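# Examining the three-dimensional arrangement
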Amino acid sequence: MSISIQHIRNATSVLTVNGKKILIDPMLSDVGELPPVPFTRTLRRNPLTPLPVPLHFFENIDAILLTHRHFDHLDKKAFSVLNKRIPVFCQPEDQAFLQKAGFFHVNAIYDSYEWCEIQMKRVKGQHALGVAAKLLGPVSGFILSTPADGSIYIVGDCIYTSEIEAVFREYQPDIAIVNTPRAQMLLGTIITMTAEDIVRIAHISPTTRIVAVHMDAISHCTFKREHLQSFLKARSLEHAAIVPYDGEVISF
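So, a few notes on the structure that sits alongside this text. (Residues numbered from 1 in each chain as written. Predicted model: local features only at pLDDT ≥ 70, side-chain atom pairs only at ≥ 80, totals over all residues. Heavy atoms only, no water.)

### Some remarks on the sheet that holds strand β14 (residues 249-251)
The pairing of strands in a sheet comes from backbone hydrogen bonds and takes either a parallel or an antiparallel form. Pairing in this open sheet of seven strands is mixed, and the strands run β6-β5-β4-β3-β2-β1-β14 from one edge to the other. In this open sheet, the two strands that pair with only one neighbour each are β6 (106-108) and β14. Here the strands of the sheet are splayed against their neighbours by 20 degrees on average, with no regard to which way each runs. Alignment of strand β3 (residues 20-24) against strand β4 (residues 63-65), held across three bridges, turns out to be parallel. (Pairing = 2+ DSSP bridges. Helix = DSSP H or I, 4+ residues; strand = E, 2+ residues; numbered from the N terminus. Axes fitted to C-alpha atoms, helices over the stretch in contact; angles between N-to-C directions.)

The following block contains the structure:
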């Protein structure tokens with residue numbers, strides 16, 4: 001297996017698989033350039049932390065993968081910086097928006113898609129339960145795999161459901177990037193995975209290397225890296241997840 005992940009910030013990472021650099025969920029704004037997250041308890045502007053790399057770093061990208069189009073996963077700075085002629089892969093609901101934004105090669109993945117010998121499979125998710133799910137709109141995860149490199153599951157902003165559990169049981173991905181900030185809306189509605197979900201995933205898919213991200217950069221994300229590390233250490237589960245810092249490169 002030869003996969004590397006450079007965690008940039010929040011849900012933004014650069015995944016290298018089969019020699020191709022794929023930019024995941026690009027939020028490229030500087031500190032405070034984005035508004036507070038609506039329907040949450042905080043009025044702080046976002047992001048809270050700076051990019052760990054210069055903007056020209058994103059010139060050397062082969063493709064973009066978008067799990068959904070909330071502004072902390074795709075922002076106006078990304079529109080202005082990124083090469084709009086490189087391929088973009090997304091859920092069907094976001095295709096028209098991306099085309100209107102000026103991207104020339106937008107590929108909606110309904111079920112599966114192959115690009116440069118990389119197999120991509122879309123996994124439908126839920127951003128929340130009940131009314132909040134309708135308010136937040138659709139979200140997807142994607143499993144990328146090659147025979148030589150193995151498989152990586154970009155879970156996206158999906159809460160833990162029986163459907164997500166079934167995906168882990170069936171595919172047992174080699175790597176999973178899991179958004180684990182315990183992000184909350186008003187009235188305490190949880191809209192991402194939590195530390196407890198890391199433990200669940202580690203139990204049902206013990207060979208999966210979990211990379212926990214989406215912490216410290218957005219104001220409604222209440223669970224920090226240090227909280228997750230302490231949570232896992234208290235349960236002797238430090239091995240259950242890698243918790244990368246902004247800019248850190250992880251090679252598998």
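From this point on, the discussion continues.
### Concerning the sheet that holds strand β12 (residues 209-213)
One open sheet holds the seven strands; their spatial order is β7-β8-β9-β10-β11-β12-β13, and the pairing between them is mixed. Every interior strand has two partners, whereas the edge strands, β7 (112-115) and β13 (241-242), have only one. Judged from the three bridges that link them, strand β10 (residues 150-154) and strand β11 (residues 175-179) form a sheet pairing that is parallel. Among the inter-strand pairings, Tyr153 is bridged to a residue of β11, identified as Ala176.

### Quick look at the pattern of salt bridges
Throughout the structure, instances matching the rule amount to seven salt bridges. Between Lys121 and Asp111 there is a salt bridge, with its nearest N and O atoms 3.0 Å apart. Of this pair, Lys121 sits in strand β8 (residues 118-125) while Asp111 sits in the loop between β6 and β7, placing them ten residues apart in sequence. By relative accessible area, which is 22% here, Lys121 ends up partly exposed. Glu165 is paired through a salt bridge with Arg169; the nearest N and O atoms lie 3.2 Å apart. Of this pair, Glu165 and Arg169 both sit in helix α4 (residues 162-171), four residues apart, roughly one helical turn. Assessed through its relative accessible area of 48%, Arg169 is described here as partly exposed. (Salt bridge = Lys/Arg side-chain N within 4 Å of Asp/Glu carboxyl O. Buried < 20%, exposed > 50% of the residue type's maximum accessible area, 1.4 Å probe, protein only.)

### Quick word on a nonpolar patch on the surface
There is a patch of nonpolar side chains on the surface, built from Phe39, Leu135, Leu186 and Leu187 and spanning about 460 Å² of accessible area. On the secondary structure map, Leu187 appears in the loop between β11 and α5 (195-204). (Patch = residues over 30% accessible without salt bridge, like charges linked within 9 Å, V, L, I, M, F, W, Y side chains within 5 Å. Areas by Shrake-Rupley, 256 points an atom, 1.4 Å probe, with all protein chains shown as cover.)

In short, geometric facts, not functional conclusions.
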